[in-house]
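A structural walkthrough
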Amino acid sequence: MKPRKALTIAFFVFLLGIGYLSMHSAPVLSDDNYSYHGETEWRTDFSEAEQLASEQDRPIVIYFWTTWCTYCEDYNQYVYSDPEVQAELDDFVKVAVNLDSDQGEYGRLQQRYNANYPPQHVIITPEGEQLVKISGYADREAFLNYLAKAEREYDAGDNQ
């Protein structure tokens, strides 16, 4: 085998190796049951989330996101990874809806809560009544304020 041919083959093997490693080193963003954003796990089955929220008397946070959304990545890095935000989110049932998904249930949620672009959050009661909507990116403090507002409105609804 001539050296030039051997170098060409070695070059392509090297490129394939880089491609293989890059595909397998990417973070896992979702599996059948959960999506992973920042340090949090988000359910992907809305029906299960509704049932759980009803059983545990907790509001639901629906997070509308996409893989190409740069502000969604900012949420991952600066908001969801914050321990205080994670602690507050534990009071909610969390559902992530990928707006690029063809899943029928996601399309109905998108229409019902008018979520046309990522990122958006809609916080609802287990019965589907909207408490708070966050359109676009909210920094850590603003996001915590939205969660607190949703909890106040949810608690006020329980007292009526």
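Below or above, wherever it landed, is the structure these notes cover. (Residues numbered from 1 in each chain as written. Predicted model: local features only at pLDDT ≥ 70, side-chain atom pairs only at ≥ 80, totals over all residues. Heavy atoms only, no water.)

Some points on the environment of Tyr-80
Here Tyr-80 shows up in the loop between helix 3 (70-79) and helix 4 (83-89). Look at Tyr-80 and you get buried, because its relative accessible area is 0%. Each C-alpha atom of the pair Tyr-80 and Ala-156 lies 26 Å from the other, and the pair is 76 residues apart in sequence. Beyond its immediate sequence surroundings of up to four residues, Tyr-80 is in contact with His-37, Gly-38, Glu-39, Thr-40, Trp-42, Tyr-63, Tyr-75, Val-85, Gln-86, Leu-89, His-121 and Phe-143. Here His-121 takes part through its side chain, which lies 2.5 Å from a polar atom of the side chain of Tyr-80. (Helix = DSSP H or I, 4+ residues; strand = E, 2+ residues; numbered from the N terminus. Buried < 20%, exposed > 50% of the residue type's maximum accessible area, 1.4 Å probe, protein only. Contact = heavy atoms within 4.5 Å. Polar contact = N/O pair within 3.5 Å; in protein donor to acceptor, adjacent residues only side chain to side chain.)

Quick look at the environment of Val-132
When you line up the elements, Val-132 lands in strand 6 (residues 130-135). Looking at Val-132, the relative accessible area reads 4%, which means it is buried. Taking C-alpha positions, Val-132 is 12 Å from Leu-144, a pair spaced 12 residues apart along the chain. Discounting residues that sit within four places of it in the chain, Val-132 has contacts with His-121, Val-122, Ile-123, Tyr-146, Lys-149 and Ala-150.

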